[in-house]
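# Structural characterization, general
Residues per chain are reported as follows:
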Amino acid sequence: MNVLGRVSVFPAIPDRIGRLHELAYNLWWSWTPEALHLYSSLDPVLWEQTYHNPVKFLRSVAQERLDEAAANEEYLAAYDAVMAAFDAYMNAPETWFRRNYPNETGNTIAYFSAEFGLHESLPIYSGGLGVLAGDHCKGASDLGLPLVGVGFLYPQGYFKQRLTPEGWQEAIYEKINFAEVPATPARRPDGREVLVQVELPGRTVTARVWRIQVGRNPLFLLDTDVDPNAPEDRELAARLYGGDQEMRISQEIILGIGGVRALRALGYQPAVWHLNEGHAAFLNLERLRELVQHQSLTFHEAVEVVRASSIFTTHTPVMAGHDAFPFDLVERYFNGYWGQLGLNREAFLNLARHDMPWGPQFSMTVLALQLTGQHNGVSELHGDVSRRMWRSLWPGTPVDQIPIIHITNGVHQQSWVAEPLEQLFDRSLPRDWRDRLDEPGVWTHVQSIPDEELWQVRRALKHRMVGFVRLRLAATLRQQGEGPKRVREALHLLDPEALTIGFARRFATYKRATLIFRDPERLKRILNDPERPVQLIFAGKAHPADQPGKELIQRIYQLSQQEGFAGRIVLLEDYDINVARHLVQGVDVWLNNPRRPLEASGTSGMKASMNGVANFSVLDGWWREAYNRENGWAIGQEREYKDVETQDEADALSLYATLEDEIVSTYYDCASGACSPRWLATVKAAISTITPRFSIMRVVKEYTNRLYIPAERAGEAVVQQSYALARELARWKHRLQLDWPGVHVEATRADARQLRVGETVPITAHVRLNGVNPDDIAVEVVFGSERDGEIAVQGTAPMRRVARVADSIYRYEGAFTPTKSGLLVYGVRVLPHHEGLLNEHELGLVRWA
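Note on numbering: residues in each chain are counted from 1, in written sequence order. Note on the predicted model: pLDDT of at least 70 is required for a residue's local features to be given, and 80 or more for side-chain atom pairs to be given and counted; whole-chain, interface and lining totals, by contrast, use all residues. Excluded from the side-chain calculation are hydrogens and water; included are all heavy atoms of the structure.

## Notes on the overall build of the protein
Heads up, the rule is: Only DSSP runs of H or I covering at least 4 residues are called helices, and only runs of E covering at least 2 are called strands; the numbering of each starts at the N terminus. Our radius of gyration looks at C-alpha atoms and nothing else; its globule reference is 2.2 Å times the residue count to the power 0.38. The cut-offs for exposure are 20% and 50% of the maximum accessible area for each residue type, with area from a 1.4 Å probe on protein chains only; residues under the lower value are buried, those over the upper are exposed, and the others partly exposed. Contacts are assigned to residue pairs that have any heavy atoms within 4.5 Å of one another. We get accessible surface area from the Shrake-Rupley algorithm with a probe of 1.4 Å; when it comes to residues, only the shown protein chains can shield them. The positive count covers Lys and Arg only, the negative count covers Asp and Glu only, and His and the chain ends enter neither. To locate a charge, take atom NZ for lysine, CZ for arginine, CG for aspartate or CD for glutamate.
Counting its secondary structure elements, the protein contains 29 helices and 29 strands. The C-alpha radius of gyration computed for the protein amounts to 29 Å, which stays within 12% of the reference 29 Å derived for 849 residues, consistent with globular compactness. By principal-axis analysis of the C-alpha atoms, the protein measures approximately 95 × 70 × 55 Å. Counting across all 849 residues of the protein, residues that qualify as buried make up 59%. Pairs at least 24 apart in sequence give 73% of the contacts found in the protein among residues at least 6 apart. As displayed, the protein offers around 34400 Å² of accessible surface, 48% of which is attributable to carbon and sulfur atoms. Here the protein carries 91 positive and 106 negative side-chain charges, and the mean point of each set is 2 Å from the other.

Have a look at this one:
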């Protein structure tokens with residue numbers, strides 16, 4: 001037989017339901033159950049086979065199914081309701097942002113991230129950073145915030161995890177067929193496809209730009225797998241977090257510099273630029289180049305413009321997790337670039353210089369901190385860790401005044417909470433609860449949900465999750481070549497009535513996935529109690545280059561096959577958003593035991609708690625802020641240990657004791673077949689306290705109020721009147737930095753050594769300015785407690801210039817009034833002062849008496 005040719009034949013969607021195709025290209029469907037049902041109800045089996053991807057589904061569904069739906073009154077009623085809701089959402093005349101900031105609705109926030117976790121059908125994310133970025137985009141859409149995302153559309157995505165019969169992780173890469181995902185070529189205002197070019201050593205690399213619509217807002221993703229790129233350049237953006245430092249710096253140049261050029265080609269002029277982690281820090285170099293080359297600003301004038309309108313969020317409390325490149329590598333990639341900024345080699349490299357024991361590095365985090373005006377960590381503790389980690393950039397500034405704030409992460413509730421639970425909320429919460437997710441008062445109504453109804457929903461979700469786990473395990477065994485007997489056994493693993501603990505996250509060593517196995521015999525007794533059985537479900541990937549992480553996976557896999565653990569412990573293959581959704585909705589307890597304080601925030605426990613799953617975690621990241629002794633359980637204490645072995649031992653003992661004495665007994669505190677009132681009290685407390693406080697709605701509002709709007713207004717101020725303020729600030733800072741070494745201050749100590757709360761402590765200081773204008777400084781008293789040899793600031797009080805006592809020497813007087821009893825320390829300092837500064841510590845200049 002001779003095959004003359006091949007054609008692809010797609011079903012024709014009847015006109016009556018023709019907008020199914022339009023809807024498939026807006027990720028709004030991914031967090032709207034009724035929209036998902038429009039697809040899944042047509043062919044539930046195919047829906048699972050296409051991995052919940054409506055674009056791919058519509059290319060494969062049988063024509064007769066579509067024709068039947070177009071003639072089915074019940075389906076048409078559902079279709080009409082969904083499309084009406086979609087149109088109302090997309091065309092809402094009023095949103096939270098429009099109500100609160102009516103004058104800023106035309107301005108755009110550019111949000112750069114190396115990964116975006118939106119849905120399992122788009123495998124372009126590796127874990128928490130990407131899922132957070134995806135949830136941030138969804139939350140921005142819900143609130144009407146005009147945000148545009150920029151990242152990579154990795155043609156091979158992140159790897160699929162396969163486990164060998166020995167439990168060893170293998171990384172499988174499968175190329176994404178762009179015709180089968182909800183992405184379309186991005187187009188210029190004139191309709192042409194967008195291609196951008198970026199210079200790399202010895203050649204120019206071209207990137208195509210793809211568009212993904214996330215509700216009301218677009219996400220633009222770059223792809224280098226295009227002509228005329230050389231084969232090796234087509235692979236540059238093929239995989240997420242793949243390759244060596246050469247590939248990494250190339251990717252980050254394309255993301256940052258190429259991302260800015262893509263937005264310009266698309267017609268965007270963002271008012272605010274948000275760097276989600278340091279991977280995109282090169283974007284501010286490109287913005288500087290634009291201003292120097294096209295607006296005739298000096299480099300330092302351009303820095304004022306860029307810094308004012310830029311925000312940097314750091315996510316990494318471990319120094320090794322911050323990208324940094326050797327100077328020689330950076331020099332090779334940028335030796336034709338720094339001249340365009342008006343800089344020489346040394347000045348350029350010093351923008352991001354971070355001295356390490358093995359030599360100076362070009363740190364992407366330092367670059368981001370130097371060229372952005374506002375910075376934040378992602379939990380309260382992480383904010384403190386970040387301030388300590390990067391304090392060298394602000395010498396002499398007390399740690400708690402270093403300008404890195406915190407905005408604790410949150411999650412997009414609609415993407416993660418089970419539909420049956422939302423239906424329960426519909427019956428018990430105010431009708432508009434979905435628009436008020438971040439209001440604690442709304443969630444007090446959870447207490448009115450009848451225990452039995454809530455218990456039945458939780459049981460049903462666990463039964464559904466157990467069914468899902470069994471099918472995944474059976475599929476793994478088939479892939480490993482096991483016979484029918486082992487596959488059938490997998491379909492009966494786990495007890496849907498037993499207390500079930502979930503542990504699912506990236507397998508990095510600091511997350512201590514095997515901590516619960518520290519005393520194997522004790523764990524076996526807990527798991528195999530005939531009256532109160534417990535079971536554990538693990539899932540997660542290790543980075544392909546992380547050998548210790550892969551060894552952790554193998555150890556858990558092998559333990560799950562041993563007597564005493566077999567049947568009570570399972571390890572799921574290929575952790576992704578779909579697996580995560582089933583687990584956070586279905587388990588009873590969410591286990592998280594990182595080595596404190598190495599988890600910046602974490603979000604999986606938030607998703608679990610919103611579903612009524614009790615969190616059981618180390619007091620690190622977000623749980624340190626959330627735990628109230630009623631909404632879950634804590635592992636260990638908030639303290640430091642002499643070494644990691646002592647810390648691991650203490651945390652393991654706490655884990656076992658809490659599990660045995662509190663969690664198991666609370667769960668099984670019920671009559672046969674009935675629910676445990678004590679357990680359901682924890683479930684209700686988890687839902688009602690976690691949902692409003694850790695909703696992405698709260699997060700995006702906080703970013704908007706505290707960072708986006710101030711950055712937008714600061715950015716507007718520096719560009720007015722042909723960049724007058726930017727030029728003035730650059731001149732003023734340059735002059736002040738030259739003269740600052742001559743500033744000196746001496747203060748007279750107060751006579752009082754003992755005083756009562758409310759008594760005033762007078763202080764006098766003499767400041768030698770040596771040419772600095774006295775109007776350019778602020779002198780203040782700083783007081784607080786003593787911590788690690790410095791002042792933990794409780795307050796400041798300004799000092800007033802009262803006399804000129806000699807040439808360039810001035811006397812200042814001030815006082816402070818203690819409001820708390822105890823031992824206080826105080827000091828006097830001089831800081832730069834200018835109305836245009838973004839914060840008083842911006843320059844990193846301070847002089848103490």
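Here the narrative resumes.
## A closer look at the sheet that holds strand β18 (residues 569-572)
Cut-off, in case you're wondering: DSSP bridges decide pairing: two strands pair if at least two such bridges lie between them. Only the contacting stretch of a helix is used when fitting its axis, a line to C-alpha atoms as for every element, and angles between N-to-C directions run 0 to 180 degrees.
Sheet architecture is open: 6 strands sit in the order β18-β17-β16-β19-β20-β21, paired in parallel fashion. Two strands bound the open sheet, and with one partner strand each, they are β18 and β21 (632-635). Looking at each pair of strands side by side, their axes are set apart by 20° on average, direction ignored. Looking at chain direction, strand β17 (residues 534-539) and β18 are connected through 4 bridges and run parallel. Within the sheet, the bridge partner assigned to A539 lies in β18 and is L572.

## A short note on the packing of helix α2 (residues 33-40) against helix α6 (residues 73-90)
As a reminder of what qualifies: Orientation labels follow simple angle bins: below 35 degrees gives roughly parallel, above 145 gives roughly antiparallel, 65 to 115 gives roughly perpendicular, and whatever is left gives oblique. Should the near helix be turned counterclockwise from the far one by less than a right angle, the crossing is left-handed, whereas a clockwise turn marks it as right-handed. When residue character is reported, Ala, Val, Leu, Ile, Met, Phe, Trp, Tyr, Cys and Pro are called nonpolar, Asp, Glu, Lys and Arg charged, and the others, Gly included, polar.
With their axes 9 Å apart at the nearest point, α2 and α6 run at an angle of 140° to one another. As judged from the angle between their axes, α2 and α6 are oblique. When the axes of α2 and α6 are compared, the crossing they make is left-handed. Taken together, the residues of α6 that come into contact with α2 (itself represented by E34, A35 and L38) are Y75, A78, Y79 and V82. Along the lines of polarity and charge, the residues of the contact of α2 with α6 split into 6 nonpolar, no polar and 1 charged.

## Observations concerning the packing of helix α10 (residues 245-265) against helix α11 (residues 283-294)
Interhelical geometry of α10 versus α11 gives an angle of 55° and a closest axis separation of 6 Å. On the basis of the axis angle, α10 is oblique to α11. The hand of the α10/α11 crossing is right-handed. Here α10 contributes G256, I257, V260, R261 and R264 to the contact with α11, which in turn contributes L283, E286, R287, R289 and E290. For the contact of α10 with α11, the class distribution of residues is 3 nonpolar, 1 polar and 6 charged.

## So, the sheet that holds strand β11 (residues 324-326)
Adjacent strands of a sheet form backbone hydrogen bonds with each other and so pair up, either parallel or antiparallel. Taken together, 3 strands build an open sheet; the order of strands is β11-β13-β12 and the sheet is antiparallel. Strands at the two margins of the open sheet, each flanked by one partner only, are β11 and β12 (353-356). Strand-to-strand twist across the sheet, computed as the mean angle between neighbouring axes with direction ignored, equals 45°. Summarising the sheet, β11 and strand β13 (residues 359-363) pair through 3 bridges and their orientation is antiparallel. Note that in β13 the partner of P326 across the bridge is Q361.

## Here we look at unusual backbone geometry
Of the consecutive residues D227 and P228, the connecting peptide bond is found in the cis state with omega at 10°. You can see P228 is positioned in the loop between β8 (217-223) and α9 (231-234). Cis geometry marks the peptide bond from R596 to P597; its omega dihedral reads 5°. Backbone geometry at H52 places phi at a positive 60°, although glycine is not the residue there. Of note, H52 is situated in the loop between α3 (44-49) and α4 (54-60).

## Comments concerning the packing of aromatic side chains
Where we set the bar: Stacked, tilted and edge-to-face pairs are distinguished by plane angle, under 30 degrees for stacked and over 60 for edge-to-face with tilted covering the rest, among Phe, Tyr and Trp rings (Trp via its six-membered ring) whose centres lie within 6.5 Å. Note on geometry: a ring has a charge over it if NZ (lysine) or CZ (arginine) is within 6 Å of the ring centre and within 35 degrees of the ring normal.
Taken as a whole, this structure holds 39 aromatic pairs when the rule is applied. Ring centres of F348 and F362 lie 5.7 Å apart, and the angle between their planes is 20°; this geometry places the pair in the stacked category. Taken together, the residues span a long stretch of sequence, with F348 in helix α14 (residues 345-350) and F362 in strand β13 at a distance of 14 residues. For F362, a relative accessible area of 0% corresponds to the buried category. When the ring of F783 is compared with that of F816, the centres are 4.7 Å apart and the planes differ by 20°; the resulting orientation is stacked. Of this pair, F783 sits in strand β24 (residues 777-787) while F816 is found in strand β27 (residues 809-816), placing the two residues 33 residues apart along the sequence. Judged by relative accessible area, which is 11%, F783 ranks as buried. Members of the aromatic cluster, each reached through a chain of ring pairs, are F282, F334, Y337, W338, F348 and F362. Of note, R505 hangs over the ring of F503, and the distance from its end group to the ring centre comes to 4.7 Å.

## Some points on the pattern of salt bridges
Put simply, the test is: For this document, the term salt bridge refers to a Lys or Arg side-chain nitrogen within 4 Å of an Asp or Glu carboxyl oxygen.
Inspection of the entire model under this criterion finds 69 salt bridges. Two residues, R434 and D426, come together in a salt bridge whose shortest N-O distance is 2.7 Å. Judged by its relative accessible area of 31%, R434 falls in the partly exposed class.

## Description of α11
Helical geometry: 3.6 residues make up each α-helical turn, so side chains three or four residues apart lie on a common side. Heads up, the condition is: Take the number of residues in a helix, subtract one, and multiply by 1.5 Å to get its expected span.
Its 12 residues give α11 an end-to-end C-alpha distance of 16 Å, which sits within 8% of 16 Å, the value for a rise of 1.5 Å per residue. Looking at α11, one finds that the buried residues are L283, N284, L285, E286, R287, L288, R289, E290, L291 and V292. S296 occupies a position one or two residues after α11 and carries a positive phi of about 60°.

## Here's the deal with the side chain of E780
Rule in force here: We call two N or O atoms a polar contact when they sit within 3.5 Å, provided that within protein one can donate a hydrogen and the other can accept it, with sequence-adjacent residues counted only if both atoms are side-chain atoms.
Note that E780 resides in strand β24. According to the relative accessible area criterion, E780 is buried, its value standing at 9%. A polar contact of 2.6 Å, which involves the side chain of E780, links it to the side chain of R829. When sequence neighbours within four positions are dropped, the list of residues in contact with E780 reads T796, A797, P798, M799, G827, V828, R829, L831 and E840.

## So, the environment of F348
Here F348 falls in the buried class, since its relative accessible area comes to 0%. In the structure, F348 is positioned 11 residues away from Y337 in sequence and 9.4 Å away in space, judged by C-alpha atoms. Setting aside residues no more than four positions away along its own chain, F348 makes contact with L285, V330, F334, W338, L341, L343 and F362.

## Considerations on the environment of Q479
Its location among the elements puts Q479 in helix α20 (residues 451-479). Residue classification places Q479 among the partly exposed positions, given a relative accessible area of 40%. With 312 residues separating them along the chain, Q479 and I791 place their C-alpha atoms 61 Å apart. When residues no more than four places from it in sequence are discounted, the contact partners of Q479 are R162, L163 and E573.

## Section: helix α8 (residues 128-143)
Helix length check: α8 (16 residues) gives 22 Å between terminal C-alpha atoms against 22 Å at 1.5 Å per residue, within 8%. Within two residues after α8, G144 carries a phi angle of roughly 80°, on the positive side.

## Quick look at the pairing of β13
Among the 5 residues in β13, 4 count as buried, and that is most of the element. Examined bridge by bridge, β12 and β13 share 4 bridges and lie antiparallel to one another. Looking at β13, one finds that D355 is bridged to P360. Here β12 folds back onto β13 in antiparallel fashion, the turn holding 2 residues.

## Section: the environment of W96
Take W96: it is sitting in helix α7 (residues 96-100). Taking the relative accessible area as the measure of exposure, W96 reaches 12% and is therefore buried. Taking the C-alpha atoms as reference points, W96 and F299, 203 residues apart in sequence, are found 38 Å from one another. Each residue touching W96, except ones within four places of it in the same chain, is listed here: Y101, L143, K701, T704 and N705.

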